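Summary of structural features
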Amino acid sequence: MAAFLLNRSFFCHLFLFCCIPSINTLSTVSISQTPHSNQTFICVLQHPNQQGQSNLNCTTFPRTQTPSFTLDVNPNVTYSQIVGGNGFVCALGPSSSSISIMGCWRFSANATTVPYKRIYNGPLLQDIDSSHTHVCGLVNNGSSSLKLECWQWHDFNSSSGSVRNMSMSSMAVGENFVCGLSPTGDVNCTGTGRVSSSRVVVDVPAPGGNYSFVAAGFRHACVLSGDGGLVCWGDMEGEKPQGRFVSLALGENRSCALGHDRRVVCWGSDNFTMPPTLKDTFFESIVAEKSVFCGVVSSNFSLLCWGSPFFESDSKVFEDVLPGPCRNKCPCGPLPNSAKLCQSPDVICQPCYPQVVQSSPSPPPPSPSPSQPSLPSNHSRWSSRMVAFLVVGCVGCSSLLLVIAFFLHRYCKSKRRGSRVHDSGRLDESSHSQPQPDAEAGSRVLQKRLSHVISMGNGSPLEEFSLGTLLQVTNNFSEEKRVGVGSFGSVYRATLEDGKEVAIKRAEASSSTYTVLGAQVDKDNAFVNELESLSRLHHKNLVRLVGFYEDTKERILVYEYMDNGSLGDHLHKLQTSALMSWPVRIKVALDAARGIEYLHQYATPPIIHRDIKSANILLDAKWTAKVSDFGLSLMGPDPEDEEAHLSLLAAGTVGYMDPEYYRLQHLTPKSDVYSFGVVLLELLSGYRAIHKNENGVPRNVVDFVVPFIYQDEIHRVLDKRVPPPTPFEIEAVAFVGYLAADCVRLEGRDRPTMSQVVNNLERALAACLAQPTLSRSTTYSSSH
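Here the structure is a predicted model, which means the values were calculated and not measured.

1. Observations regarding the overall build of the chain
Helix and strand counts for the chain come out as 15 helices and 39 strands. Excluding contacts between residues fewer than 6 apart, the proportion of contacts in the chain whose partners are at least 24 apart in sequence is 57%. Here the chain has roughly 34600 Å² of accessible surface; of this, 52% comes from carbon and sulfur atoms.

Right under this line is the structure:
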């Protein structure tokens, strides 16, 4: 029985290890030594939502000295991670789901304001770390493991192939050496230089075993085993402490470790220990640089520092410091009281540390989450048999999740069999058409849906016009009254008896401008979709539905008239237009984005438009942009449940359609985001979604414009009809370019939500008008 209980406990922990992701502790505190002066420069990340202030703040010690310089920090950029060393501070700036930007400030003897210089713009950096002189990061290149990239390291590119080829899940940078943990928990170190401090660590065989954390000092390195056991090697000074730990901070000849009880113990040269006044202080994270150590306090998130005479009288340096990154999902629960440090609804996650039973006093607040896994304290290293069990358990865990997902998918699909995607006929897929129901059955379905729409009673009843009235105001739908084409028919301009100008959309079986794959039933779907959507939607950036007419032969919708036509006309047809300035174009984009955001986030149930394009963004007399044409829209369950929308046929307009939806016939709100990204590219470049190049060959605006954006050369593809942007406007235009590139990523999960799009366009417009400086767009809040 005891053996059974042990095995059951082991496999429970095994399940948690495989299926619950651990939280990487990213550095939110940096310590720098300034050259040519005896100053210590400490920087922290704080709340990212302070108006007009950066979330990166710094101070100099000793405080009695006047700082010899300040960092040139962009107040509009939110940084996610910072590191520092001898004469530099580096920060990881705004990142999308697959692109990161990192830059550094390097101090000099003559500068009073230290300029920012970008040193990296490429695939996502998962983590960064620094030594006294070097900076390194782990690059997510799309594979299962992360690759190492380093800067400020002269020999790295030429002679450190073994470093570059290491597969890592985490890493630590020392003085001319780097140690990394593999995905299986093995530790490996390598370095550069024949005679250097790096050889002290590299020449000593790294300890065998499976480890969960690695740290590097000036000439030594340490790792933590799965249950918190401490192992060190290299030229370490002082006697290693006993106990179980969750984090480490290693300096030049000093070291500190954060225990499971959240207390810090230190050791090193000259009998270095934790100051007596701080021994009973509980910390969330710690960091070191040479002889200076700092930690974020658990109770109030203030930053305390020690290790230098500067801090003997007052160790408190900052208030409300982030102890980790802000995220929107936490596998082991949020850190108590951390919501105040992040933008709602994000919080700081409590790390998934294994609980270890110790004889020390009970852990301080914040208490570990009950969901945290615990491991037997006598398992400091994993045997080969346990590793085999681990592999088998992970495979079994994955298989179980796949089986559960399969049956859930089958169940959800059977429950939602009726949400078939209507094909507008814009795509030539007639070979996929379905059997046509008889007209009488289709009529019954239409009448039932119409009755439901009319009886919804949303507080703004629609007017049901007579056919005679509509024939009269359109001169029997004459050609001179015809102003355009919608998803299921022609659009006419008319004036009602009360003087109100309206746009009247009539479904015409004889129209040559579209082909309906399902004949009458599909026309009815488009008609009722639009009627059902607009009858319950009220937003200043959605075209308002005034009324309708319906009988066995006619399907007619009546809308408010939009005096200034469509965005597509202004971009591609009209010779003169009011949209010939960058602030106006960004304002139009923001209006449209707010309308789509309303559909996705605030409509109940949510709506996926499915045909976002410049022709369906209309402009009223005041140049307010409004989204129109809901003939292809779908109403359904929670848009976050992507399995809720599976279709036999894709629908939309070529050039705007989400390639993931077209390829997999898998519709989500991110399909609208892709289409809107194409619209942004149209606004910036003036090119149609599908246009011909200089050789007359059809070309997609995404394929043409996005590479220039990634190369920071957007100025080469901007619409030449618009006056060149001012030095301030170009920052906002480039910002919108990066946002557009994020929107048109191939996979929906890599695209921002429409709420994030709106937030970024608001920032761009404010920058364009108020003339601040912007960096590239951030389409996610740390997570994803």
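Further notes follow.
2. Quick notes on the packing of aromatic side chains
Within the structure shown, the criterion is met by 12 aromatic pairs. With a centroid separation of 5.9 Å and an interplanar angle of 75°, the aromatic rings of Tyr-79 and Trp-105 are classed as edge-to-face. Note that Tyr-79 is positioned in the loop between β4 (70-71) and β5 (81-85) and Trp-105 in strand β7 (residues 99-106), a separation of 26 residues in sequence. Grouping residues by exposure puts Tyr-79 and Trp-105 together as buried. An aromatic cluster is built from Phe-272, Phe-283, Phe-293 and Trp-306, whose rings are joined through pairwise contacts. Residue placement shows Arg-699 over the ring face of Phe-704; its charged tip is 3.6 Å from the ring centre.

3. Structural notes on the sheet that holds strand β1 (residues 29-33)
Reading across the sheet, the 3 strands line up as β1-β2-β3 and stay open at both edges, with antiparallel pairing between neighbours. A single partner strand is all that each edge strand has here, and the edge strands are β1 and β3 (56-61). Across this sheet, the average inter-strand angle for adjacent strands is 20°, counted without regard to direction.

4. Thoughts on the environment of Gly-185
Within the secondary structure, Gly-185 sits in the loop between β14 (177-181) and β15 (187-191). Remark: the alpha-carbon pair of Gly-185 and Met-168, spanning 17 residues in sequence, is separated by 9.1 Å. Once residues within four sequence positions are removed from consideration, Gly-185 is found in contact with Gly-209, Asn-210 and Tyr-211.

5. Concerning unusual backbone geometry
For the bond running from Phe-61 to Pro-62, omega is 0°, close enough to zero to count as cis. Following the sequence through the fold, Pro-62 ends up in the loop between β3 and β4. The backbone phi angle of Asn-476 is positive, close to 55°, even though this residue is not glycine. With respect to the element layout, Asn-476 can be found in the loop between α7 (467-473) and β29 (482-485). Exposure remark for Asn-476: the relative accessible area of 57% places this residue in the exposed category. Positive phi values are uncommon outside glycine, yet Arg-610 reaches one of about 75°. Residue placement: Arg-610 occurs in the loop between β34 (607-608) and β35 (617-619). Among the residues examined, Arg-610 registers a relative accessible area of 5% and is labelled buried.

6. Observations regarding the packing of helix α12 (residues 669-685) against helix α14 (residues 727-743)
Running from N to C, α12 and α14 point in directions that differ by 145°, and their axes come no closer than 8 Å. For the pair α12 and α14, the crossing hand works out as left-handed. Across the interface between the two elements, Val-673, Tyr-674, Gly-677, Leu-680, Leu-681 and Leu-684 of α12 pack against Val-733, Val-736, Gly-737, Leu-739, Ala-740 and Cys-743 of α14.

7. Regarding the pattern of salt bridges
All told, the structure shown has 26 salt bridges when counted by the stated rule. A salt bridge links Asp-712 to Arg-118; the nearest nitrogen and oxygen atoms lie 2.3 Å apart. Here Asp-712, found in the loop between α13 (701-710) and α14, pairs with Arg-118, found in strand β9 (residues 116-123); they are 594 residues apart in sequence, far enough to count as distant. Taking relative accessible area as the criterion, Asp-712 reaches 33% and is therefore assigned partly exposed. In this structure, the salt-bridge partner of Asp-591 is Lys-587, at a minimum N-O distance of 2.9 Å.

8. Here we look at the side chain of Glu-729
Inspection of the secondary structure assignment puts Glu-729 in helix α14. In this structure, Glu-729 is buried with no salt-bridge partner, the nearest side chain bearing the opposite charge being Arg-585 at 11 Å. Contacts of Glu-729, omitting those with residues within four sequence positions, involve Trp-582, Pro-583 and Cys-768.

9. Some words on the pairing of β15
Most of β15 is tucked away: 4 of the 5 residues are buried. Judged from the 5 bridges that link them, β14 and β15 form a sheet pairing that is antiparallel. Along β15, the bridge assignment pairs Leu-181 with Val-187. Remark: 5 residues form the turn of the hairpin made by β14 and β15, two consecutive strands paired antiparallel; Gly-185 in that turn has positive phi of roughly 95°.

10. Some remarks on the pairing of strand β19 (residues 245-250)
Most of β19 sits out of view: 6 of its 6 residues are buried. The antiparallel pairing of β19 with strand β20 (residues 254-259) creates a hairpin that spans 3 residues between the two strands.

11. Some remarks on the nonpolar core
Phe-676, Leu-680, Leu-681 and Leu-761 are the most contacted members of the largest nonpolar core, which totals 64 residues. Of all the elements in the fold, those that place two or more residues in this core are α9 (567-572), α10 (582-602), β35, β36 (625-627), α12, α13, α14 and α15 (754-770). In terms of residue count, the dominant contributor to this core is α10 (10 residues). If we skip the residues at most four places from it in the chain, Leu-681 touches Gly-686, Val-701, Val-702, Val-705, Val-706, Ile-709, Ala-740 and Val-744. With 36 residues, the next largest nonpolar core counts Val-77, Phe-107, Phe-311 and Leu-341 among its residues.

12. Looking at the packing of α12 against α13
Between α12 and α13, the shortest axis-to-axis distance is 10 Å and the interhelical angle comes to 70°. When the axes of α12 and α13 are compared, the pair comes out roughly perpendicular. The residues of α13 that touch α12, namely those facing Tyr-674, Val-678, Leu-681 and Ser-685, are Val-701, Val-702, Val-705, Val-706 and Ile-709. Per-class residue counts for the contact of α12 with α13 are 8 nonpolar, 1 polar and no charged.

13. Some words on α13
Counting buried residues along α13, 7 of its 10 residues qualify, which places the element largely inside the surrounding structure. Turning to α13, its buried residues number three or more, namely Val-701, Val-702, Phe-704, Val-705, Val-706, Phe-708 and Ile-709. Lining the buried residues of α13 we find α12, β38 (690-692), β39 (698-700) and α14. Where α13 begins, the capping side chain belongs to Asn-700, and its oxygen is found 2.7 Å from the backbone nitrogen of Val-702. Once α13 ends, the next one or two residues include Asp-712, with phi positive near 55°.

14. With respect to the sheet that holds strand β28 (residues 463-464)
With mixed pairing, the 6 strands of this open sheet are ordered in space as β28-β32-β33-β31-β30-β29. In the strand order of this sheet, the two ends are held by β28 and β29, each with one partner. In the sheet, strand β30 (residues 489-495) pairs with strand β31 (residues 501-507) via 7 bridges, with the strands oriented antiparallel. Within β31, the residue paired with Ala-494 across the bridge is Val-502.

The rules behind each value
Residues numbered from 1 in each chain as written. Predicted model: local features only at pLDDT ≥ 70, side-chain atom pairs only at ≥ 80, totals over all residues. Heavy atoms only, no water. Helix = DSSP H or I, 4+ residues; strand = E, 2+ residues; numbered from the N terminus. Contact = heavy atoms within 4.5 Å. Areas by Shrake-Rupley, 256 points an atom, 1.4 Å probe, with all protein chains shown as cover. Phe/Tyr/Trp six-rings, centres within 6.5 Å; stacked < 30°, edge-to-face > 60°. Buried < 20%, exposed > 50% of the residue type's maximum accessible area, 1.4 Å probe, protein only. Lys NZ or Arg CZ within 6 Å of the ring centre and 35° of its normal. Pairing = 2+ DSSP bridges. Axes fitted to C-alpha atoms, helices over the stretch in contact; angles between N-to-C directions. Left-handed = near helix turned anticlockwise from the far one by under 90°. Salt bridge = Lys/Arg side-chain N within 4 Å of Asp/Glu carboxyl O. Lys, Arg positive; Asp, Glu negative; His and termini not counted. Core = buried A, V, L, I, M, F, W, Y, C linked by side-chain atoms within 4.5 Å. Parallel < 35°, antiparallel > 145°, perpendicular 65-115°, else oblique. Nonpolar A, V, L, I, M, F, W, Y, C, P; charged D, E, K, R; others polar. Polar contact = N/O pair within 3.5 Å; in protein donor to acceptor, adjacent residues only side chain to side chain.

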